[in-house]
Amino acid sequence: MKKAVSLIAFLLAAPALAHGPTPIKVDETIVISADPKAVWAVAGKFDGLAAWHPDVQAVKAKGGDAAGAEREVTLKKGGALKEGLDEYDAAAHKLSWRMSDPNLDALPVSSYTLTFTVEPAAGGGSQVKWYGRLYRGDTSNEPPENLNDDAARTAMATYLHNGLESLKRKVEGK
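Every chain begins its residue count from 1, and numbering advances along the sequence as written. Whole-chain, interface and lining totals are the exception, using all residues; otherwise, since this is a predicted model, local features are given only for residues with pLDDT of at least 70 and side-chain atom pairs are given and counted only at 80 or more. Side-chain metrics rest on all non-hydrogen atoms present in the structure, leaving aside hydrogens and water.

**Student:** For this particular structure, what's the right way to read the overall build of the protein?
**Tutor:** Each helix is a run of H or I in the DSSP string that is no shorter than four residues. Each strand is a run of E no shorter than two, and both are numbered from the N terminus. A tally of helices and strands in the protein yields 3 helices and 7 strands. The proportion of buried residues among the 174 residues of the protein is 37%. Only heavy atoms enter the contact rule, under which two residues are in contact if any of them lie within 4.5 Å. A separation of at least 24 residues holds for 53% of the contacts in the protein among residues at least 6 apart in sequence. In the structure as shown, the protein presents an accessible area of about 9,400 Å², 54% of it carried by carbon and sulfur atoms. Each residue's exposure class comes from its accessible area (1.4 Å probe, protein chains only) as a fraction of the maximum for that residue type: buried when under 20%, exposed when over 50%, partly exposed otherwise. Using a 1.4 Å probe, accessible areas were evaluated by the Shrake-Rupley method; residue-level cover was limited to the displayed protein chains.

Next comes the structure, spelled out in structure tokens:
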């Protein structure tokens, strides 16, 4: 009987020990003193990220703004991110994309999906949201510090925040 209880306890605990990474959510929002159409005119093209994001050196894209389009985002700090466009809705001022191939030297993330939206803000202007889900760079149960949840969350939140702050300055002319 004692062995049966031990076996049951082990079997119940085993799934918790084999757990793996959970998705990490990132969410950055900023209010820009401009009409949503003006913000979208600057930031609403899948191939236009280098024109307003301070961490991006260049973008090579193919496929325009149609679902299935692809781009390679070269970062100023080195490395490139390969991404594929999942959704583009100019009328709703929304685009969503995903990482195609991880590059842990560029970003300590193994995969991500991101969505960018521009909406009217409650007191005028635009509310810009950039949010998504991602997985840390090392999806094993014991990731090194530079590829763990905190590293992934911090790197992506910084990337999104820097982009939104720069977009605000560009659109507002500051």
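**Student:** Looking at this structure, I do not really get the pairing of strand 1 (residues 24-32). What am I missing?
**Tutor:** Consecutive side chains of a regular strand alternate in pointing toward one face of the sheet and then the other. Burial along strand 1 is one-sided: the residues Ile-24, Val-26, Glu-28, Ile-30 and Ile-32 are buried and none of Lys-25, Asp-27, Thr-29 and Val-31 is. Strands qualify as paired when DSSP identifies two bridges or more between them. As paired elements, strand 1 and strand 7 (residues 126-136) share 9 bridges and run antiparallel to each other. If you follow Ile-32 over to strand 7, its bridge partner there is Ser-126.

**Student:** Whenever I open this one, helix 2 (residues 36-43) confuses me. Can you help?
**Tutor:** An α-helical turn contains 3.6 residues, so any two residues separated by three or four positions project in the same direction. Those residues of helix 2 that fall on the buried side of the exposure criterion are Pro-36, Val-39, Trp-40 and Ala-43. What you see down the axis of helix 2 is that its buried residues fit within an arc of 100°, all on one side. Facing away from the buried side of helix 2 by more than 90 degrees, the exposed set consists of Lys-37 and Ala-41. In this fold, the buried residues of helix 2 make contact with strand 1, strand 4 (80-89), strand 5 (94-101), strand 6 (109-120), strand 7 and helix 3 (149-172). Nitrogen and oxygen atoms within 3.5 Å of one another constitute a polar contact, given that in protein one can donate a hydrogen and the other can accept it, and given that sequence-neighbouring residues count only through two side-chain atoms. The distance from a side-chain oxygen at the start of helix 2 to the backbone nitrogen of Lys-37 is 2.9 Å, and the residue carrying that oxygen is Asp-35. The arc in question is the one spanned by the directions pointing from the helix axis to the C-beta atoms.

**Student:** Sorry if this is basic, but what is going on with the nonpolar core here?
**Tutor:** One recurring pattern in soluble globular proteins is that nonpolar side chains are buried together. We define the nonpolar core as a collection of buried residues of types Ala, Val, Leu, Ile, Met, Phe, Trp, Tyr and Cys that are connected through side-chain atoms lying within 4.5 Å of one another. In this structure, Trp-97, Tyr-112, Phe-116, Val-128, Trp-130, Met-156 and Tyr-159 are the most contacted members of the largest nonpolar core, which totals 38 residues. At 7 residues, helix 3 tops the list of elements feeding residues into this core.

**Student:** Help me understand the packing of aromatic side chains, please; the structure alone is not making it clear to me.
**Tutor:** Describing an aromatic ring pair means giving the distance of the ring centres and the angle of the ring planes. Here a pair means two rings of Phe, Tyr or Trp (six-membered ring of Trp) with centres within 6.5 Å. Their orientation is stacked below 30 degrees between planes, edge-to-face above 60, and tilted elsewhere. Going through the model one piece at a time under the given rule, you end up with 7 aromatic pairs. Ring centres of Trp-40 and Tyr-88 lie 5.8 Å apart, and the angle between their planes is 40°; this geometry places the pair in the tilted category. Here Trp-40 is found in helix 2, whereas its partner Tyr-88 is found in strand 4, with 48 residues between them in sequence. Pairwise contacts between aromatic rings join Phe-46, Trp-52, Trp-97, Phe-116, Trp-130 and Tyr-159 into one cluster.

**Student:** What exactly am I supposed to notice about unusual backbone geometry here?
**Tutor:** Negative phi values dominate among residues other than glycine, just as trans dominates among peptide bonds. For His-93, which is not glycine, the phi dihedral falls at a positive 55°. Examined against the element boundaries, His-93 turns out to sit in the loop between strand 4 and strand 5.

Take it as geometry only, folks, not as evidence of what the structure does.
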